[in-house]
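Now for the letters of each chain:
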Amino acid sequence: MANDPSYSEAYQSGIREEMYRDSRIFILGTDLQERGGHFAQVKGIAQEFGGERVRDTPISEAAMVAAGVGAAMYGMRPVVDLNFMDFSLGAMDEIINQAAHIRYMFNGSVPLIIRATSGIAAGGAHHNNSFESFFAHTPGLSVAVPGTPYDVKGLLKTALRADDPVVFMMHKKLTGIRGPIGGPEDLVPFGKARIAREGADATVVSYGYTLVTAAKAAEVLAAEGEQIEIIDLRTLFPMDMDAVINSLKKHGRMVVADEAPLFASITAEIAATASEVAFDSLKGPIVRVGAQRAPLSADPGQVDATIPSVDDMVAAIRKVLSY
Amino acid sequence: MANDPSYSEAYQSGIREEMYRDSRIFILGTDLQERGGHFAQVKGIAQEFGGERVRDTPISEAAMVAAGVGAAMYGMRPVVDLNFMDFSLGAMDEIINQAAHIRYMFNGSVPLIIRATSGIAAGGAHHNNSFESFFAHTPGLSVAVPGTPYDVKGLLKTALRADDPVVFMMHKKLTGIRGPIGGPEDLVPFGKARIAREGADATVVSYGYTLVTAAKAAEVLAAEGEQIEIIDLRTLFPMDMDAVINSLKKHGRMVVADEAPLFASITAEIAATASEVAFDSLKGPIVRVGAQRAPLSADPGQVDATIPSVDDMVAAIRKVLSY
Amino acid sequence: MGAREEMQSMLRMMMMIRNFEETADRLALRGKLSGGIHNSSGQEAVAVGVMSALAPDDVIATTHRSHHHTLAKNFSAREVMAELMTKVTGVSKGRGASMHLGDVARGHFGGNGIVAAGMGIGMGAALGIKMAGDKKVSVGFVGDGGMNTGRTWEAINMAAIWKLPLIVVVDNNQYAVETFINRVTAGGDLAKRASGFGLPASTIDGQNVIEVRDAVAAAREYALAGNGPTFINMLTYRYYGHNTGEKGQYRTLEEIEDWRTHRDPIEQFAARLFKEGLLDQATYDEMKVSVEAEIQDAVEFSENSPHPDPSEVMLNIDSGKLRG
Amino acid sequence: MGAREEMQSMLRMMMMIRNFEETADRLALRGKLSGGIHNSSGQEAVAVGVMSALAPDDVIATTHRSHHHTLAKNFSAREVMAELMTKVTGVSKGRGASMHLGDVARGHFGGNGIVAAGMGIGMGAALGIKMAGDKKVSVGFVGDGGMNTGRTWEAINMAAIWKLPLIVVVDNNQYAVETFINRVTAGGDLAKRASGFGLPASTIDGQNVIEVRDAVAAAREYALAGNGPTFINMLTYRYYGHNTGEKGQYRTLEEIEDWRTHRDPIEQFAARLFKEGLLDQATYDEMKVSVEAEIQDAVEFSENSPHPDPSEVMLNIDSGKLRG
Ligand SMILES: Cc1ncc(C[n+]2csc(CCOP(=O)(O)OP(=O)(O)O)c2C)c(N)n1
Ligand SMILES: Cc1ncc(C[n+]2csc(CCOP(=O)(O)OP(=O)(O)O)c2C)c(N)n1
Ligand SMILES: [Mg+2]
Ligand SMILES: [Mg+2]
């Protein structure tokens with residue numbers, strides 16, 4: 001484990017292999033060349049491929065994405081790296097109205113990846129928005145949310161070999177986690193969830209850092225003899241509802257969790273659809289876990305109070321176990 | 001009815017009365033002065049209040065909202081009129097990161113209204129996005145979706161007398177509908193749904209133009225002796241879940257409908273929360289009705305095929321009636 | 001193509017666009033189109049001048065007012081008219097209507113419902129051209145209204161620092177809906193504004209098709225030589241309202257009449273060709289007739305074409321390669 | 001206040017900011033703050049010069065690098081340091097940390113995590129001032145990096161057409177993280193870029209606190225007379241990395257040393273005051289001691305202050321008037 005690549009290194013590995021494989025792939029964003037991006041996600045890549053294929057941009061998010069859209073339409077395979085997903089707010093038209101809609105109208109493909117780090121950590125309200133539901137709601141976009149180094153690399157490869165705009169969200173607090181990664185041809189498909197932990201008594205459906213919280217909660221409950229299954233969605237759209245439903249059908253008890261503000265988050269989609277499709281399997285209502293409806297404070301104690309804790313998760317699971 | 005004010009005239013009436021009452025209120029946006037906005041929403045207002053209080057702007061959505069945010073912090077009460085809600089994509093940072101978060105951090109209020117027309121009609125993919133779930137998801141924002149002239153005026157007044165950023169979404173296809181409106185002090189509170197039609201057999205929860213579709217469906221079913229209740233949410237955040245739950249508890253049969261792409265739409269929030277809170281009252285799963293996951297075609301036949309029809313609505317209601 | 005043929009074909013294209021627009025507007029008023037249109041009558045020299053300087057596989061990306069650009073880029077009147085009626089035979093297979101004409105395979109990266117968004121895409125196409133090492137240019141059209149949209153300057157700056165083969169064409173008809181440019185645009189001449197972003201910038205007569213063509217040809221050479229983008233502000237005028245049926249009071253009838261009478265791009269160009277002996281009355285009359293026939297044919301073709309199948313709304317949203 | 005007192009108090013403020021920043025950075029490296037900071041050492045003359053020209057109730061809105069602006073606007077070292085530790089006694093009650101210092105009631109419309117967003121808010125404040133008929137100005141700070149963000153030019157254009165009492169101050173330290181301004185900013189002098197948007201624009205020495213003060217004072221007069229906004233590009237330099245701990249290779253140690261040795265705003269100003277007889281050694285030494293004491297007190301105060309109560313995260317999100 002200690003020698004395994006980190007989540008960021010998994011990204012480097014994936015992008016490096018793919019850039020060798022396909023000369024149309026290039027990256028653009030702020031501070032990529034020397035710094036390697038704000039999360040070291042492309043550390044060393046500019047040194048290997050040069051400044052044409054790893055382009056440092058001005059702070060112009062709209063133009064960055066527009067550059068990606070136009071270049072993708074022309075036949076290149078750009079990766080626009082926004083560093084923080086929050087900065088996508090400056091390019092929302094380019095992502096939602098343009099990238100996502102072009103194929104439908106103009107019959108050209110837009111093989112574009114918009115990568116950014118997301119999720120809740122330090123830094124305050126402007127750097128800790130959760131936009132998963134925005135992008136997953138938008139027709140024409142796919143959304144990847146890798147939870148392990150393996151999936152970072154494997155999902156990236158899949159995205160780079162498809163012909164569609166993909167929003168690729170990596171979690172801040174996973175930046176340093178380590179784990180095995182696949183080789184050059186180990187692709188991870190979109191829309192196929194992963195069973196992160198098997199268990200027969202109840203299921204937690206989640207993604208990103210919340211998987212860590214869920215795993216800790218599962219450990220707590222394991223000590224009490226409860227076997228909790230954890231599903232890592234890996235992509236939010238397409239979403240592997242079959243995996244969710246299959247797990248639910250085993251026991252009829254489900255928690256859906258992430259750290260976005262709860263109201264109208266992606267957890268609502270999962271809970272609503274699962275409740276509708278597998279109604280008869282439910283022992284009791286699906287319980288949702290998410291963040292409070294508050295901008296994110298910069299104070300660490302307040303951050304912890306805003307997003308779900310292990311205790312919150314344990315309580316939610318206990319609730320479904322109580323049915 | 002024919003002499004009643006239209007939905008747009010209701011807005012004019014509300015804004016006019018409030019501008020007389022409070023000299024801090026002013027409006028800015030493109031093409032407001034002569035054209036009266038793209039939906040005649042402020043027709044005649046510039047003539048009455050002058051060019052300082054009805055300001056024609058350049059096509060600079062980010063600056064428009066930033067102007068509103070800064071002026072609101074300073075103590076004014078700006079209404080930023082984006083004409084089409086789609087254009088909010090150019091001002092997403094100003095709306096989400098700035099307007100919504102400022103009070104939390106800097107302890108100043110932001111009495112700002114962002115008005116735009118929304119919903120599905122003609123015009124193609126760039127003018128027919130449904131962003132209700134984006135704004136309702138964002139801590140710090142409230143979202144009004146008036147379905148009648150009365151509510152346009154009454155909700156506008158409430159928003160103009162509060163101290164918070166409000167996204168005010170009016171539906172394109174309701175622009176010309178007519179109905180009674182209230183007087184200068186008839187305010188409609190946020191977070192209080194309206195029973196648009198009473199009925200004891202099943203409930204449709206909706207808002208905006210979909211209320212019209214639901215009403216037609218209810219007529220179809222009334223002919224078969226089924227009494228369908230229709231709840232008009234009026235605001236999406238705060239949301240009147242009590243009204244939803246109370247109605248659901250009467251019969252245990254509920255449809256939630258709008259015309260946004262279904263996946264991760266606001267209907268998911270309603271269905272998920274109602275399923276969780278009122279699980280024991282459910283006769284069967286809550287059924288959601290929404291648009292297909294496709295950018296909007298400009299072709300009228302394809303538009304109709306993308307959003308819920310009366311038939312779709314009837315089928316969904318029949319389904320819950322069948323439990 | 002000899003000079004005579006080239007000049008005549010430019011003239012004919014302008015005449016065709018004018019006839020197309022006026023016909024389409026009439027059809028829209030009679031409810032025969034899928035919604036209204038943004039009529040470009042008066043701005044023909046911009047479109048035809050630009051395209052005359054481009055190679056067929058150069059790329060364009062444009063705005064909500066793009067019939068003239070699209071026709072000048074050799075999309076047929078049939079397929080453009082059919083698109084306005086949202087027929088499957090249309091440029092965008094009926095999904096786009098007036099604002100969303102485009103076909104990536106033919107180097108038309110789309111009209112746009114969003115002011116200035118097309119210009120950004122044009123910049124991206126220029127980046128694509130550069131990365132691919134191709135000898136082409138990309139033209140990004142933008143209106144005077146789009147000069148106040150921030151993304152415009154982001155894109156221009158990016159093109160300038162990266163020396164992208166981009167030509168920014170301001171189809172400057174001086175109004176954005178009801179709003180006269182000087183009411184909302186500080187600093188006077190747009191070329192001066194642009195030059196602060198480090199690229200050659202000029203303001204030219206957008207009613208003079210030859211001046212337009214020559215300016216774009218020079219910019220194209222400049223770009224192909226690796227020097228980067230050029231900004232050309234083309235002064236022009238729209239004769240009709242912003243969209244079908246609009247009759248605003250924001251400008252005087254005299255102003256419109258003045259442009260129509262003294263600065264009409266087609267009349268000016270025809271007069272010049274007559275004077276230079278490159279056109280005779282018979283040819284001119286013939287052109288009118290053939291243009292009229294072409295547009296009537298386009299209308300008929302479009303009316304006889306089917307709408308896209310409503311059941312196909314879920315097709316071609318994505319490549320399918322990422323489906324679960 | 002006499003000239004001597006005014007000059008000395010400006011000098012002392014710069015010294016205090018320097019000490020504050022270096023102390024805070026050390027604390028951050030030792031994990032004593034809530035995250036890292038954006039150190040403004042080297043840029044003190046910009047902050048102090050600007051604030052010296054403003055009235056106490058003028059408004060400012062700024063960026064992620066705003067300790068110096070905030071301290072110069074007379075927020076105490078205690079409350080700024082406490083905010084860096086996210087303590088309830090901080091400027092933003094512990095919710096903001098380094099990037100989000102602000103207090104609307106005191107005319108500080110906030111630091112900002114988003115490049116150039118603060119400048120837009122400053123423009124809006126200027127609109128508010130104008131609509132209210134008040135005799136004040138608003139200063140919008142923005143970095144050189146923010147010169148390529150589209151919203152910057154939207155805001156400047158809007159201020160110019162509406163003649164808003166806005167002063168745009170570019171706190172131009174020539175780098176945006178690792179990126180040297182000329183690598184990403186076309187067209188050379190930013191004042192030239194700005195002047196294309198129709199407002200007076202100049203580039204000045206941001207290391208000279210008097211030059212800064214005088215330029216802002218002139219802009220303020222100009223704005224109060226109803227003439228509208230001014231753009232002032234202030235050349236300055238940051239001595240430390242973009243954020244705590246960063247040691248990039250993107251600039252040479254010689255370059256940093258050169259600015260520190262030859263263009264340090266504090267040393268230059270102190271030397272000038274000595275030369276003009278407005279400062280003597282004893283006073284200067286005393287200042288150093290009192291600044292050190294002030295910062296040490298601020299650290300102690302902050303360390304002894306409590307964090308905000310975690311249970312209060314749901315308070316003051318909105319006015320409550322729209323609750324259901
Ligand atoms: C971002 C955005 N804001 C507003 C609009 C509404 N709108 C459509 S066209 C138009 C005017 C555009 O003016 P200009 O760029 O000069 O082009 P013209 O119509 O004159 O060809 C406006 C404001 C829009 N489509 N997009
Ligand atoms: C819209 C946006 N894009 C990117 C960032 C990441 N970022 C934070 S500071 C910074 C550099 C800013 O440079 P400049 O404006 O010159 O300010 P300085 O740090 O030099 O004070 C960047 C790119 C951001 N905060 N906001
Ligand atoms: Mg125009
Ligand atoms: Mg800088």
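See the structure shown above.
Enquirer: Give a detailed account of the coordination of the magnesium ion (ligand 4), specifying residues and quantitative values.
Expert: All names here are of chain D. Bound to the magnesium ion (ligand 4) on the protein side are Asp144 (OD), Asn173 (OD1) and Tyr175 (O), at distances that span 2.0 to 2.1 Å. As a motif over one chain, the donors of the magnesium ion (ligand 4) read D-x28-N-x1-Y. Of this pair, Asp144 sits in the loop between strand S2 (138-143) and helix H6 (150-161) while Tyr175 sits in strand S4 (residues 175-176), and the two are 31 residues apart along the sequence. Accessibility expressed as a relative area gives 3% for Asp144, which makes it buried.

Enquirer: Before we move on, can you summarise the packing of aromatic side chains with the specific residues and values?
Expert: Scanning all chains against the criterion turns up 31 aromatic pairs over all chains. Over the ring of Tyr209 of chain A we find Lys173 of chain A; its NZ or CZ atom is 4.3 Å from the centre of that ring.

Enquirer: Tell me about the relation of the copies chain A and chain B, residues and numbers included.
Expert: Screw-axis analysis of chain A against chain B gives a translation of 0.0 Å along the axis, an RMSD of 0.0 Å, and a rotation angle of 180°. What we have between these two chains is a two-fold relation. Among all residues of chain A, the minimum C-alpha distance to the rotation axis is found for Ala272 of chain A, at 2.2 Å.

Enquirer: Could you give an account of helix H8 (residues 210-222) of chain B, naming the residues involved and the relevant values?
Expert: All names here are of chain B. Taking 1.5 Å as the rise per residue, H8 with 13 residues should run 18 Å; its terminal C-alpha atoms sit 18 Å apart, in good agreement. Among the residues making up H8, those that are buried are Thr210, Leu211, Thr213, Ala214, Ala217, Ala218 and Leu221. Viewed along the axis of H8, the buried residues span an arc of 155°, placing them on a single side of the element. Residues of H8 that are buried make contact with strand S7 (194-197), strand S8 (202-206), strand S9 (228-232), strand S11 (254-261) and helix H12 (310-321).

Enquirer: Just give me the short version of the site of ligand 2, but keep the residues and values in it.
Expert: Around ligand 2 sit 18 residues in total, of which Glu61 of chain A together with His64, Arg65, Gly113 and Gly145 of chain D are the nearest. Around ligand 2 the close residues trace back to chains A and D. Here an oxygen atom of ligand 2 and a backbone polar atom of Gly145 of chain D are 2.8 Å apart. One of the backbone N or O atoms of Tyr175 of chain D is found 2.8 Å from an oxygen atom in ligand 2. Protein contact buries 96% of the 580 Å² of open area that ligand 2 shows by itself. Classifying every residue of the shell around ligand 2 by side-chain character gives 7 nonpolar, 7 polar and 4 charged.

Enquirer: Lay out the sheet that holds strand S12 (residues 287-291) of chain A with the relevant residues and their values.
Expert: Residue and element names in this part refer to chain A. Strands sit in the order S7-S9-S8-S11-S12 across an open sheet of 5 strands; the sheet is mixed. Unpaired on one side and paired on the other, strand S7 (194-197) and S12 mark the two borders of the sheet. Strand after strand, the sheet turns through a mean of 25° between neighbouring axes, direction not considered. Sheet topology places strand S8 (residues 202-206) next to strand S11 (residues 254-261); 3 bridges connect them, and they run parallel. The residue bridging Thr203 from the neighbouring strand is Met254, located in S11. Helix H12 (residues 310-321) rests against S8, strand S9 (228-232), S11 and S12 of the sheet, and its axis sits at about 150° to S11.

Enquirer: Account for unusual backbone geometry, naming residues and giving values.
Expert: Residue and element names in this part refer to chain A. Going from Phe237 to Pro238, the amide bond is cis rather than trans, its omega being -5°. Within the secondary structure, Pro238 is located in the loop between strand S10 (235-237) and helix H9 (241-251). Even without glycine at this site, Ala264 takes up a positive phi of about 60°. With respect to the secondary-structure elements, Ala264 resides in the loop between S11 and helix H10 (266-277).

Enquirer: Tell me about the environment of Gly124 of chain D, and name the residues and values.
Expert: Along the polypeptide, Gly124 of chain D turns up in helix H5 (residues 117-132). With 16 residues separating them along the chain, Gly124 of chain D and Gly140 of chain D place their C-alpha atoms 9.7 Å apart. Setting aside chain neighbours within four positions, we find Gly124 of chain D in contact with Ala66, Ala67, Gly70 and Ala71 of chain B.

The rules behind these values
Residues numbered from 1 in each chain as written. Chains lettered and ligands numbered in written order. Predicted model: local features only at pLDDT ≥ 70, side-chain atom pairs only at ≥ 80, totals over all residues. Heavy atoms only, no water. Donors = N, O, S within 2.8 Å, 3.2 Å for Na, K, Ca; no water. Helix = DSSP H or I, 4+ residues; strand = E, 2+ residues; numbered from the N terminus. Buried < 20%, exposed > 50% of the residue type's maximum accessible area, 1.4 Å probe, protein only. Phe/Tyr/Trp six-rings, centres within 6.5 Å; stacked < 30°, edge-to-face > 60°. Lys NZ or Arg CZ within 6 Å of the ring centre and 35° of its normal. Least-squares fit on C-alpha atoms with pLDDT ≥ 70 in both. Expected span 1.5 Å × (residues − 1). Arc of directions from axis to C-beta. Contact = heavy atoms within 4.5 Å. Near = heavy atom within 4 Å. Polar contact = N/O pair within 3.5 Å; in protein donor to acceptor, adjacent residues only side chain to side chain. Areas by Shrake-Rupley, 256 points an atom, 1.4 Å probe, with all protein chains shown as cover. Nonpolar A, V, L, I, M, F, W, Y, C, P; charged D, E, K, R; others polar. Pairing = 2+ DSSP bridges. Axes fitted to C-alpha atoms, helices over the stretch in contact; angles between N-to-C directions.

Structural measurements only, silent on function.
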